[in-house]
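A closer look at the structure
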Number of protein chains: 6
Amino acid sequence: MARPEVRITHAEEFSAAHRLHAPQLSDAENKALYGPCNTVHGHNYRVEVTVTGPVDPVTGMVMNLTELMRIMREEIWDHVDHQHLNETVPFLKGILPTAENLAIVFWQRVHAQRERLGSARLFRVRVVESRDNFVDYFGDLR
Amino acid sequence: MARPEVRITHAEEFSAAHRLHAPQLSDAENKALYGPCNTVHGHNYRVEVTVTGPVDPVTGMVMNLTELMRIMREEIWDHVDHQHLNETVPFLKGILPTAENLAIVFWQRVHAQRERLGSARLFRVRVVESRDNFVDYFGDLR
Amino acid sequence: MARPEVRITHAEEFSAAHRLHAPQLSDAENKALYGPCNTVHGHNYRVEVTVTGPVDPVTGMVMNLTELMRIMREEIWDHVDHQHLNETVPFLKGILPTAENLAIVFWQRVHAQRERLGSARLFRVRVVESRDNFVDYFGDLR
Amino acid sequence: MARPEVRITHAEEFSAAHRLHAPQLSDAENKALYGPCNTVHGHNYRVEVTVTGPVDPVTGMVMNLTELMRIMREEIWDHVDHQHLNETVPFLKGILPTAENLAIVFWQRVHAQRERLGSARLFRVRVVESRDNFVDYFGDLR
Amino acid sequence: MARPEVRITHAEEFSAAHRLHAPQLSDAENKALYGPCNTVHGHNYRVEVTVTGPVDPVTGMVMNLTELMRIMREEIWDHVDHQHLNETVPFLKGILPTAENLAIVFWQRVHAQRERLGSARLFRVRVVESRDNFVDYFGDLR
Amino acid sequence: MARPEVRITHAEEFSAAHRLHAPQLSDAENKALYGPCNTVHGHNYRVEVTVTGPVDPVTGMVMNLTELMRIMREEIWDHVDHQHLNETVPFLKGILPTAENLAIVFWQRVHAQRERLGSARLFRVRVVESRDNFVDYFGDLR
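Source: prediction; values computed, not measured.

1. Describing the overall build of chain A
- Check the secondary structure of chain A and you find three helices and five strands.
- Secondary structure elements of chain A occur, N-terminal to C-terminal, as β-α-β-α-β-α-β-β.
- Its C-alpha atoms give chain A principal-axis dimensions of roughly 60 × 30 × 25 Å.
- Residue burial in chain A is summarised as follows: out of 142 residues, 61% are buried.
- For chain A, the accessible area works out to roughly 5900 Å², and carbon and sulfur atoms hold 51% of it.
- A gap of 3 Å separates the mean positions of the 16 positive and 19 negative side-chain charges of chain A.

Written out as structure tokens, the structure reads:
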């Protein structure tokens, strides 16, 4: 009989500065496009990583939550907390730090560790930028 | 190469009164069906609108969040905040203002502005009525 | 030795409609004064009642939280949940249902049950009207 | 014309103790696997049950939310609130009370009441164990 | 008879960047003192302003909440939202933007508008920097 | 001139089991007094510690928040997270783990470290037991 599949989600929060400024556009275009986000500001970001997989009949878990937390800290939190996302994060060099791009990059970094997920696979990365704004990325799964 | 697809969500909150009373039913049937919701009461509603689309490689965005916010304010918030949903909202005339119907109507109003969504498309409308109750509508996408 | 004094707080939430309209003022003055709150709308209200008193050395409690909850339900919740605060709540008849006045009236109703508080005394009533607005009333204690 | 399909969600919270200890593993293995979760501790759990179905054109509802609440209380809350999930809940006897397994068992119990859901069907059970950890189970729907 | 005194609170949220670096200290001392906060990062800040005063018997209000909101936007929000608190806010020039100092400066700015508070007086300014850290300033009232 | 005094608050969350059972009372009396809390259950607890003091003109801080966090982890969190408060916490031996008593004991433990608070002094310990229940202890300050 097939094992039931469950999705598990762990969240981490970090504080960082960023600004939105596209190098291909003029200053005036940037100002018009991003408005107040064109200048340096910051957020308390919340990152949720969801993995999905069969529940192990012995452990009752999809994967060890502590390992998921460790991956998120090593691959994401340790690099972005209390940083300036445009300037001090090597893996974001040359990437416009919109919430959309952060979700994609965070996905790629967790996905690169997929062997540590056991029989689970990465399902979704959510980046919450403020209480009324968030984005979701699902990789190629959908 | 295909551009990555991301979902972005913006939320707005509004305060409104409503009552649930189906005109096709008798007063006794309405009382039995809706219980305390049959009399005029109210909520702080939260509306989340999610759109999905490819991330623009220049702007790093699915669409301008400010434009999404503007659509939500012009099409929803300006009409329902501090209103009596059964009586003072023209686009709700004749519609029973359950959370389900609100989600459907809000969907239709945002969908009517779909040209303003650029390459994104409307994905979901969530209406949160209280801390323990909410509904989701996905249009015809699912 | 004096027993340590601790404050305990219990919260209840209710959904209600109201409008702000002062009978001593003209319609135009009301409109100017209350703006959008002059028309019927509603909220998910949160009421917090705080009592303070010595901790009983046998029970480890200031008072039985279940009794505090019962007082709040019997004196407040049962009367206001799913009601129109201007029209259907007998104890609010003739009272303008601003958050300030609600806090005062809720205080009076809990205070009238003060014998049920044992050695504790009513300290504060907080009424949260929306996520960014709340009021506190402390009776004559301060 | 097809009736629009909407998902509705109701949540309940309960407080319970549990420990994670797999009987097939040695004490040392359990300690290594579950870490601090291997000893008795507890949580304020939040359970969200989502059902999906067509909106009834007369009532404007997918199903009566009061009935969904009743099912959740009778089948879940009444049995687990203020309990020790490893010891005092008959329907959890022999089941390791991980969040994953709780979601599956809660699903089965609500699903067993599916005739009470009317034309709606169970879609998702979410169990939130703490502010940064939750799991989702979708049965066989996905 | 004395009018009952009630405290009312309004909150606003803003997103900003800052860094903690004391000019009187060496770089090494700054690093040791502030740790990760010594580099540029950011937060979603929440500012709560509480005023206290007698409830007007005609309006049922301590003061018009809309006016309090306007003061907060004109004196605080408009100047700090989407800004770099160390660099782009004139009234913070030369002030180390710790949460403590922000609360004091925000107090001073609201207090300077005290004539607009009517018979109410400023009671407290709270600055919430992240979900687990906040500060309160009460001026000279205590 | 006097330095402005500010209160700063840091919060930590922990998960623990407990039961309320007074040894001086009979089983029947315990059952009647504590109801469902008489059996082993658990919570996600939130502990807020507030200290108050003058703002240092050089650092802009009342005290180093990192030091406050360290005190809370060393004196509270490390001992109670994922524990059974009636059984496995040495400093709670013989103490009925009501929220009131937890607040008092946590106060005493932080107070014993008061030299590490610099020129600040302990002001309040809040213990939040569930979303609708919390207690506050102020020591002898009030």
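2. Thoughts on the interface of chain D and chain B
- If you look at the interface, chain D gives 21 residues, while chain B gives 19 residues.
- Of the roughly 1600 Å² buried between chain D and chain B, counting both surfaces, carbon and sulfur atoms make up 51%.
- When residues of chain D are sorted by the area they lose upon contact with chain B, D:R7, D:T9 and D:V58 head the list and together hold 30% of the total.
- Where chain D meets chain B, there are one salt bridge.

3. Some details on the packing of helix α2 (residues 65–80) of chain D against helix α3 (residues 99–111) of chain D
Residues and elements named next belong to chain D.
- As a packed pair, α2 and α3 sit with axes 9 Å apart at the nearest point and diverge in direction by 140 degrees. Judged by the inter-axis angle, α2 sits oblique to α3. For α2 against α3, the interelement crossing comes out right-handed. Of α3, the residues touching α2 (which contributes I71, E75, I76, H79 and V80) are F106, R109 and V110.
- The residue makeup of the contact of α2 with α3, split by class, is five nonpolar, one polar and two charged.

4. Remarks on the relation of the copies chain D and chain A
- Once chain D has been moved 0.0 Å along the axis and rotated by 120 degrees, it coincides with chain A to within an RMSD of 0.0 Å. What the superposition gives is, in effect, a three-fold axis relating one chain to the other.

5. Side note on the environment of F:L68
Residue and element names in this part refer to chain F.
- Along the polypeptide, L68 turns up in helix α2 (residues 65–80).
- As for L68 and H10, which are separated by 58 residues in sequence, their C-alpha atoms are 7.4 Å apart.
- Apart from the residues within four sequence positions on either side, L68 is in contact with I8, H10, V49, V51 and M63.

6. Comments concerning the interface of chain D and chain A
- Each partner contributes to the interface: chain D provides 19 residues, whereas chain A provides 21 residues.
- For chain D, the biggest contributors to the area lost against chain A are D:E100, D:D132 and D:F134; these three give 32% of the whole.
- Summed over the shared surface of chain D and chain A, the result is one salt bridge.
- In this structure, A:R46 engages D:D132 in a salt bridge whose closest nitrogen and oxygen atoms are separated by 3.0 Å.

7. With respect to the confidence of the model for chain A
- Model confidence for chain A is summarised by a mean pLDDT of 96, while 98% of its residues fall at 70 or above.
- The ipTM for the predicted assembly is 0.95, set against a pTM of 0.97.

8. Overview of the side chain of B:T9
- Within the secondary structure layout, B:T9 lies in strand β1 (residues 5–18).
- A distance of 2.8 Å separates polar atoms of two side chains, one belonging to B:T9 and the other to B:T50.
- Not counting residues within four places of it along the chain, the set of residues in contact with B:T9 comprises A:D132, A:N133, A:F134, B:E48, B:V49 and B:T50.

9. Concerning the pairing of strand β4 (residues 121–130) of chain C
Residues and elements named next belong to chain C.
- Most of β4 is tucked away: nine of the ten residues are buried.
- The pairing of β4 with strand β5 (residues 133–137) spans five bridges and is classified as antiparallel. Residue S130 lies in a different strand from β5, and its bridge partner there is N133.
- Here β4 hands over to β5 after two residues, the two strands then running antiparallel side by side.

10. Some points on the relation of the copies chain D and chain B
- Superposing chain D onto chain B requires a rotation of 120 degrees together with a translation of 0.0 Å along the rotation axis, leaving an RMSD of 0.0 Å.
- An asymmetric contact is evident, with only 5% of the interface residues of chain D recurring at the interface of chain B.

11. Regarding helix α3 (residues 99–111) of chain F
- Here α3(F) spans 18 Å end to end across 13 residues, near enough to the 18 Å set by a 1.5 Å rise per residue.
- Judged by how many residues are buried, α3(F) sits mostly within the fold: eleven of 13 residues are covered.
- Regarding α3(F), the residues found buried are F:A99, F:E100, F:N101, F:L102, F:A103, F:I104, F:V105, F:F106, F:W107, F:R109 and F:V110.
- The secondary structure elements touched by the buried residues of α3(F) are β1 (5–18) of chain C together with β1 (5–18), β2 (41–54), α2, β4 (121–130) and β5 (133–137) of chain F.

12. A closer look at the arrangement of the chains
- Without any contact between them, chain C and chain D keep their closest C-alpha atoms 14 Å apart.
- A gap remains between chain B and chain E, with no contact made and the closest C-alpha atoms lying 14 Å from each other.

13. Things to note about the packing of aromatic side chains
Residues and elements named next belong to chain D.
- A full pass over the atoms with the stated rule returns 24 aromatic pairs over all chains.
- Considering the side-chain rings of F14 and F106, the 6.1 Å spacing of their centres and the 75 degrees angle between planes classify their relative orientation as edge-to-face. Taken together, the residues F14 in strand β1 (residues 5–18) and F106 in helix α3 connect sequence positions 92 residues apart.
- The exposure class of F14 is buried, given its relative accessible area of 2%.

14. Brief notes about α2(D)
Residues and elements named next belong to chain D.
- Taking 1.5 Å as the rise per residue, α2 with 16 residues should run 22 Å; its terminal C-alpha atoms sit 21 Å apart, in good agreement.
- Of all the bends in α2, the greatest measures close to 45 degrees and is centred on R73.
- Among the structural elements, β1, β2 (41–54), β3 (83–84) and α3 are those in contact with the buried residues of α2.
- Its side-chain oxygen at 3.1 Å from the backbone nitrogen of T66, N64 defines the N-terminal cap of α2.

About the thresholds
- Residues numbered from 1 in each chain as written.
- Chains lettered and ligands numbered in written order.
- Predicted model: local features only at pLDDT ≥ 70, side-chain atom pairs only at ≥ 80, totals over all residues.
- Heavy atoms only, no water.
- Helix = DSSP H or I, 4+ residues; strand = E, 2+ residues; numbered from the N terminus.
- Buried < 20%, exposed > 50% of the residue type's maximum accessible area, 1.4 Å probe, protein only.
- Areas by Shrake-Rupley, 256 points an atom, 1.4 Å probe, with all protein chains shown as cover.
- Lys, Arg positive; Asp, Glu negative; His and termini not counted.
- Charge placed at Lys NZ, Arg CZ, Asp CG, Glu CD.
- Contact = heavy atoms within 4.5 Å.
- Buried area = accessible area lost by both parts, 1.4 Å probe.
- Salt bridge = Lys/Arg side-chain N within 4 Å of Asp/Glu carboxyl O.
- Axes fitted to C-alpha atoms, helices over the stretch in contact; angles between N-to-C directions.
- Parallel < 35°, antiparallel > 145°, perpendicular 65-115°, else oblique.
- Left-handed = near helix turned anticlockwise from the far one by under 90°.
- Nonpolar A, V, L, I, M, F, W, Y, C, P; charged D, E, K, R; others polar.
- Least-squares fit on C-alpha atoms with pLDDT ≥ 70 in both.
- pLDDT = per-residue confidence, 0-100.
- Polar contact = N/O pair within 3.5 Å; in protein donor to acceptor, adjacent residues only side chain to side chain.
- Pairing = 2+ DSSP bridges.
- Expected span 1.5 Å × (residues − 1).
- Phe/Tyr/Trp six-rings, centres within 6.5 Å; stacked < 30°, edge-to-face > 60°.
- Bend = angle between axes of the 7 residues up to and from the residue.

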